[in-house]
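# Structural features, examined
Chain by chain, the residues run as shown.
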Amino acid sequence: MELQIDHLGYTYHPGTTFERKALDDICLTIGSGEFIGMIGHTGSGKSTLVQHMNGLIKATEGRIFVDGTNIYEDGYPIRELRCRVGLVFQYPEYQLFDTTVLSDVCFGPKNKGLSGEEAKEKAREAMRAVGLDESYEMRSPFELSGGQKRRAAIAGILAMDPELLVLDEPTAGMDPEGRDEILHLLKKLHEERGISIVLVSHSMEDVANYVSRIVVLDQGKVLWDDIPSRVFVHVEELEKVGLAAPQVSYVMAKLAQTGWDVDPSVTTIDAAAEQICKVWVTVQDNLKQVADGVWKRN
Amino acid sequence: MARKKTDRIIEGHDLSFHYTVYDSEGNPGERRTALDGVDIDVQQGQFVAILGHNGSGKSTLARHLNALLVPDGGTLYVDGYDTLDAGNVWKIRQSTGMVFQNPDNQIIASVVEEDVGFGLENQGVPTADIWKRVEEALRAVGMWKMRGRSPNRLSGGQKQRVAIAGVIAMHPKCIVLDEATAMLDPGGRKEVIRTVRELNRTENVTVILITHYMEEAVFADRVIVMDHGKVVMGGTPREIFSQVEKLKSFRLDVPQATLLAWKLKQRGLPIKDTVLTIDELIEALNHGAAENDLTQPVSR
């Protein structure tokens with residue numbers, strides 16, 4: 001599916017003293033099969049924006065088109081949209097409620113109108129996708145570890161077969177390996193099932209490692225919308241709006257400043273290691289040739 | 001109870017703690033071990049980072065440090081007071097303050113300065129002193145200008161700094177931050193870390209920082225790694241982060257700069273020591289380059 005956000009604006013409590021413009025003239029197209037990262041400081045409007053994507057919040061200005069149809073038109077099947085766009089909130093494990101993992105994951109597909117057996121089939125498939133095998137089906141979701149709970153909650157959304165999965169800080173509060181597990185899972189869903197993903201995150205490193213496009217929000221506006229290497233070169237501007245670049249970006253920028261012939265727009269560790277080694281080897285070779293020359297002359 | 005004379009703010013020996021799991025009828029069931037023979041010693045004024053995966057026991061240990069929990073086994077002295085003695089609880093809470101993960105769960109007043117003064121009011125500190133200490137505390141975290149604001153209009157980093165000010169106003173000897181940066185954006189994380197480092201340096205406040213962000217732990221004097229309720233590693237950040245593979249086995253990581261340096265070293269670049277920060281990596285690389293420079297005599 002293609003989701004097109006067209007000059008969207010949202011004002012909280014319009015007409016009162018608490019009036020606050022949270023989103024301002026947002027234009028954004030999320031194409032089929034994309035993996036997009038969304039970053040921005042606390043209060044920049046990320047969470048408000050993602051809640052528009054499945055129609056949970058209705059914009060006060062502008063429109064949203066899904067595959068060319070305006071979702072604010074009368075008669076638009078908004079319930080269907082909420083299945084097609086799966087929204088995973090912050091700390092989704094707080095929303096687990098049922099007595100067993102399987103019945104919890106079944107909640108979405110059942111609501112969608114599937115029969116009990118069909119819902120179970122979908123739920124099992126979703127649990128497998130997040131790495132929870134049959135042995136977890138009858139367990140209480142509350143006795144799972146933090147990372148497992150979060151994956152169970154994500155399974156609950158996946159069971160509705162979304163075409164676009166939007167996750168609001170899915171790795172907040174997780175240990176490094178738990179973080180990697182969730183991110184690998186998203187990568188797998190993206191690659192194997194072709195699900196489009198919007199990943200909202202405060203971790204610049206995670207965003208740099210996984211997404212192919214970054215949207216930067218600041219005070220309700222889109223500041224940048226570009227590939228990671230072109231976003232993270234704006235180190236100073238990013239810091240001004242409460243963000244940062246991955247540590248690797250700083251390393252490469254500083255090396256370039258001190259005379260190394262490296263590309264400062266590199267954003268991942270492996271790419272950086274590759275570049276630094278290449279420069280190193282070239283310099284070594286040159287030195288060797290010069291030294292050989294000196295040797296021969298002597 | 002009498003205070004034990006010691007220069008160690010935290011002195012724990014062979015600590016153990018178990019949670020009891022209750023079934024849906026409220027009957028006690030299985031007991032789960034959260035702390036298992038933990039020894040911990042912290043000198044007044046030290047900056048200690050505690051790392052460990054989710055469920056490793058870090059937060060349980062943190063909650064022992066101001067007697068929110070008391071050990072099932074072993075002994076724990078905080079500022080010389082035995083936490084097992086219920087009569088010591090208020091003295092312990094005054095000497096060790098906690099800052100928790102969620103900025104929205106620890107602010108109670110509707111004005112910043114009133115929130116910071118809340119703990120002092122509860123202690124019956126005279127009003128004039130309260131205002132003085134609130135001012136000191138808010139200045140220390142750089143939030144004095146915002147004293148009249150409503151906390152719900154602050155950013156996450158600012159809220160956490162207000163929470164820290166609320167702790168500092170109590171003049172604690174030790175601050176425990178239990179994943180206090182987990183919900184913040186990069187700018188907010190930096191604000192909080194800068195604030196506690198400053199307090200540690202200038203006021204000699206002991207800092208216990210629990211975090212999942214490895215790059216925050218490089219500033220500590222000492223790093224403790226926990227796994228399954230046990231302390232499994234301890235040392236300076238350099239000693240700890242030099243063991244990339246061992247850390248990975250505990251579901252942890254190293255800062256990106258450290259990992260990049262480690263990968264470069266594995267590929268044969270002459271990086272001698274464990275690198276902790278971006279600047280150290282740049283220096284190591286430029287130093288390595290200089291050693292191979294043409295201006296130096298080439299050894300054959």
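Residues numbered from 1 in each chain as written. Chains lettered and ligands numbered in written order. Predicted model: local features only at pLDDT ≥ 70, side-chain atom pairs only at ≥ 80, totals over all residues. Heavy atoms only, no water.

### Some points on the overall build of chain A
Scanning chain A from N- to C-terminus turns up eleven helices and ten strands. When its C-alpha atoms are laid out on the principal axes, chain A stretches across 90 × 55 × 35 Å. In chain A, buried positions account for 54% of the 298 residues. Partitioning the contacts of chain A with sequence separation of at least 6, the portion at a separation of at least 24 is 62%. Total accessible area on chain A is roughly 13,300 Å²; 48% of this is exposed by carbon and sulfur atoms. Put simply, chain A has 31 plus and 46 minus side-chain charges, and the middle of one group is 1 Å from the middle of the other. (Helix = DSSP H or I, 4+ residues; strand = E, 2+ residues; numbered from the N terminus. Buried < 20%, exposed > 50% of the residue type's maximum accessible area, 1.4 Å probe, protein only. Contact = heavy atoms within 4.5 Å. Areas by Shrake-Rupley, 256 points an atom, 1.4 Å probe, with all protein chains shown as cover. Lys, Arg positive; Asp, Glu negative; His and termini not counted. Charge placed at Lys NZ, Arg CZ, Asp CG, Glu CD.)

### Looking at the sheet that holds strand β8 (residues 196-200) of chain A
Residue and element names in this part refer to chain A. Strand order in the open sheet made by the six strands is β6-β7-β8-β3-β9-β10, with mixed pairing throughout. Each edge of the sheet is formed by a strand with only one pairing partner; in this case those strands are β6 (85-88) and β10 (221-226). Neighbour-to-neighbour, the strand axes of the sheet open up by a mean angle of 15°, direction not taken into account. Across four bridges, the pairing between strand β3 (residues 35-39) and strand β9 (residues 213-218) is parallel. Each residue of the ladder has a partner; that of Gly 37, found in β9, is Ile 214. Strands in contact with helix α1 (residues 46-53) are β3, β6, β7 (164-168), β8 and β9; relative to β3, the strand with the most contacts, it is inclined by about 145°. Sitting on the sheet, helix α5 (residues 146-158) touches β6 and β7, and the angle it makes with β6 is about 160°. (Pairing = 2+ DSSP bridges. Axes fitted to C-alpha atoms, helices over the stretch in contact; angles between N-to-C directions.)

### What to know about the interface of chain A and chain B
Taken together, the contacts link 45 residues of chain A with 45 residues of chain B. Here chain A and chain B share an interface that buries about 3,900 Å² over both sides, 59% of which is from carbon and sulfur atoms. A per-residue breakdown of the area chain A buries against chain B is headed by Gln 247, Ile 269 and Trp 280 of chain A, which together make up 17% of the total. Counting the contacts that link chain A with chain B gives seven salt bridges. In this structure, Glu 181 of chain A and Arg 251 of chain B form a salt bridge, with 3.5 Å as the shortest nitrogen-oxygen distance. At the boundary of chain A with chain B, the tally comes to 17 residue pairs in polar contact (both at pLDDT 80 or more). (Buried area = accessible area lost by both parts, 1.4 Å probe. Salt bridge = Lys/Arg side-chain N within 4 Å of Asp/Glu carboxyl O. Polar contact = N/O pair within 3.5 Å; in protein donor to acceptor, adjacent residues only side chain to side chain.)

### Quick notes on the domain arrangement of chain A
Residues and elements named next belong to chain A. According to the domain assignment, chain A consists of domain 1 (3-231) and domain 2 (234-298). Placing a centre on the C-alpha atoms of domain 1 and another on those of domain 2 gives a separation of 37 Å. Buried area between domain 1 and domain 2, both sides added, is near 1,100 Å², and the carbon and sulfur share of it is 68%. Of all residues in domain 1, Met 204, Trp 224 and Ser 229 bury the most surface against domain 2, accounting for 38% of the area lost on that side. Counting every contact that joins domain 1 to domain 2 gives zero salt bridges. The set of elements that each furnish at least two residues to the side of domain 1 that touches domain 2 consists of α7 (204-210), β9, β10 and α8 (228-231). Its residues assigned to classes, the side of domain 1 that touches domain 2 comprises eight nonpolar, four polar and three charged. (Domains from an automatic or database assignment. Nonpolar A, V, L, I, M, F, W, Y, C, P; charged D, E, K, R; others polar.)

### Side note on the pairing of β10 of chain A
Sheet topology places β9 of chain A next to β10 of chain A; five bridges connect them, and they run antiparallel. Paired with Leu 217 of chain A across the two strands is Val 222 of chain A, which belongs to β10 of chain A.

### Quick look at unusual backbone geometry
Phi is positive for Tyr 91 of chain A, close to 45°, though the residue is something other than glycine. When its relative accessible area of 10% is taken as the criterion, Tyr 91 of chain A is described as buried. One non-glycine residue, His 228 of chain B, lies in the positive phi region at around 50°.

### Details of the sheet that holds strand β4 (residues 73-78) of chain B
Residues and elements named next belong to chain B. Read across the open sheet, the four strands follow the order β2-β1-β4-β5; overall the sheet is antiparallel. One side of each edge strand has no neighbouring strand; the edge strands of this open sheet are β2 (28-43) and β5 (81-82). One ladder, built from two bridges, connects β4 with β5; its direction is antiparallel. Residue Val 78 lies in a different strand from β5, and its bridge partner there is Tyr 81. Each of β1 (8-22), β2 and β4 touches helix α1 (residues 58-65); the most contacted strand, β2, lies at about 65° to it.

### Quick word on helix α3 (residues 101-111) of chain A
Residues three or four positions apart in an α-helix share a direction because the helix packs 3.6 residues into each turn. Residues and elements named next belong to chain A. Along α3, the positions that sit buried rather than exposed are Val 101, Leu 102, Asp 104, Val 105, Cys 106, Gly 108 and Pro 109. On its buried face, α3 is in contact with α4 (116-129) and α5. Phi turns positive, to about 110°, at Gly 113, one or two residues after α3.

### Details of the domain arrangement of chain B
In terms of domains, chain B is made up of domain 1 (8-237) and domain 2 (255-294). Using only C-alpha atoms to locate each centre, domain 1 of chain B and domain 2 of chain B end up separated by 35 Å.

### A look at the packing of aromatic side chains
According to the stated counting rule, one finds five aromatic pairs over all chains in the structure shown. Plain terms: the ring middles of Tyr 91 of chain A and Tyr 94 of chain A are 5.5 Å apart, the flat faces sit at 10° to each other, and that makes the pair stacked. Measuring from ring centre to ring centre gives 5.0 Å for Phe 17 of chain B and Tyr 19 of chain B, while their planes differ by 85°; the resulting arrangement is edge-to-face. Judged by its relative accessible area of 36%, Tyr 19 of chain B is partly exposed. Against the face of Tyr 72 of chain A rests Lys 58 of chain A, its NZ or CZ located 5.4 Å from the ring centre. The ring of Tyr 77 of chain B carries the charged tip of Lys 4 of chain B above its face, separated from the ring centre by 4.2 Å. (Phe/Tyr/Trp six-rings, centres within 6.5 Å; stacked < 30°, edge-to-face > 60°. Lys NZ or Arg CZ within 6 Å of the ring centre and 35° of its normal.)

### A closer look at the confidence of the model for chain B
The share of residues in chain B with pLDDT of 70 or more is 96%, and the mean pLDDT across the chain is 90. The low-confidence segment residues 294-300 of chain B (pLDDT under 50) makes eight contacts with residues lying over four places distant or belonging to another chain. (pLDDT = per-residue confidence, 0-100.)

### Considering the environment of Ile 10 of chain B
Looking at the element boundaries, Ile 10 of chain B is found in strand β1. Put simply, Ile 10 of chain B and Ile 168 of chain B are 158 residues apart on the chain and 18 Å apart in space, counted from C-alpha to C-alpha.

### A short note on helix α10 (residues 256-266) of chain B
Within α10 of chain B the residues assigned to the buried category are Gln 256, Ala 257, Thr 258, Leu 259, Leu 260, Ala 261 and Leu 264 of chain B. Gly 268 of chain B sits one or two positions beyond α10 of chain B and adopts a positive phi of about 95°.

### Thoughts on the environment of Thr 99 of chain A
All names here are of chain A. As for its position among the elements, Thr 99 is in the loop between β6 and α3. Between the C-alpha atoms of Thr 99 and Val 66, which are 33 residues apart in sequence, the distance is 36 Å. Not counting residues within four places of it along the chain, the set of residues in contact with Thr 99 comprises Arg 139, Ser 140 and Pro 141.

### Regarding the pattern of salt bridges
All names here are of chain B. Within this structure, the stated rule accounts for 37 salt bridges over all chains. For Asp 178, the salt bridge identified is with Arg 63, shortest N-O distance 3.0 Å. Taken together, the residues Asp 178 in strand β7 (residues 174-178) and Arg 63 in helix α1 connect sequence positions 115 residues apart.

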